[in-house]
Amino acid sequence: MAHLLREVMEKADTLDEAVQIMRRGPRTCEYYYVISDAKTKQAVGIAATPETFEVVLPGQSMARLPHAIPDAVLMSAGDRYEELARRVQAN
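Residues numbered from 1 in each chain as written. Predicted model: local features only at pLDDT ≥ 70, side-chain atom pairs only at ≥ 80, totals over all residues. Heavy atoms only, no water.

Peer 1: Go over the pairing of strand β1 (residues 31-37), please, and point to the residues and values.
Peer 2: Of the strand pairs in this sheet, β1 and strand β2 (residues 42-48) are connected by seven bridges, and their pairing is antiparallel. By the bridge assignment, Y31 is partnered in β2 with A48. Joining the antiparallel neighbours β1 and β2 is a turn of four residues, in which K41 adopts a positive phi near 55°. (Pairing = 2+ DSSP bridges. Helix = DSSP H or I, 4+ residues; strand = E, 2+ residues; numbered from the N terminus.)

Structure, rendered in structure tokens:
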């Protein structure tokens, strides 16, 4: 994971390039990432396991992340996710 993130920081010039590097990279366990691009003010979430690679866009919900919040990518699990979503929606 550390080598993969280093490659993203060294080689990616855009958010799309960062996602492609993450998609190609070897994965040995489950990780969740939020990657953003300061130039374009865009972000995506990535839910990755050795077998799967899911990209979550701002405002998008999925089974494990049911609270879609416009212009935000929230990634966490269980009670932590519920509290995070509650706090973001409150502010």
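Peer 1: With reference to specific residues and values, describe the nonpolar core.
Peer 2: The nonpolar side chains of a soluble globular protein tend to be buried, and buried together. In terms of nonpolar packing, the biggest core is built from 14 residues, with V8, M22, Y33, I35, I46 and F53 touching the most fellow members. Of all the secondary structure elements, the ones that give two or more residues to this core are α1 (2-11), α2 (15-24), β1 and β2. At five residues, the largest contribution of residues to this core is made by α2. Once you skip the residues sitting within four places of it in the chain, I46 turns out to touch V19, M22, Y31, Y32, Y33, I35, F53, E54 and M75. Formed by 10 residues, the second largest nonpolar core is a distinct cluster that contains M62, V73, M75 and Y81. (Core = buried A, V, L, I, M, F, W, Y, C linked by side-chain atoms within 4.5 Å. Buried < 20%, exposed > 50% of the residue type's maximum accessible area, 1.4 Å probe, protein only. Contact = heavy atoms within 4.5 Å.)

All we've got here are geometric facts, nothing functional implied.
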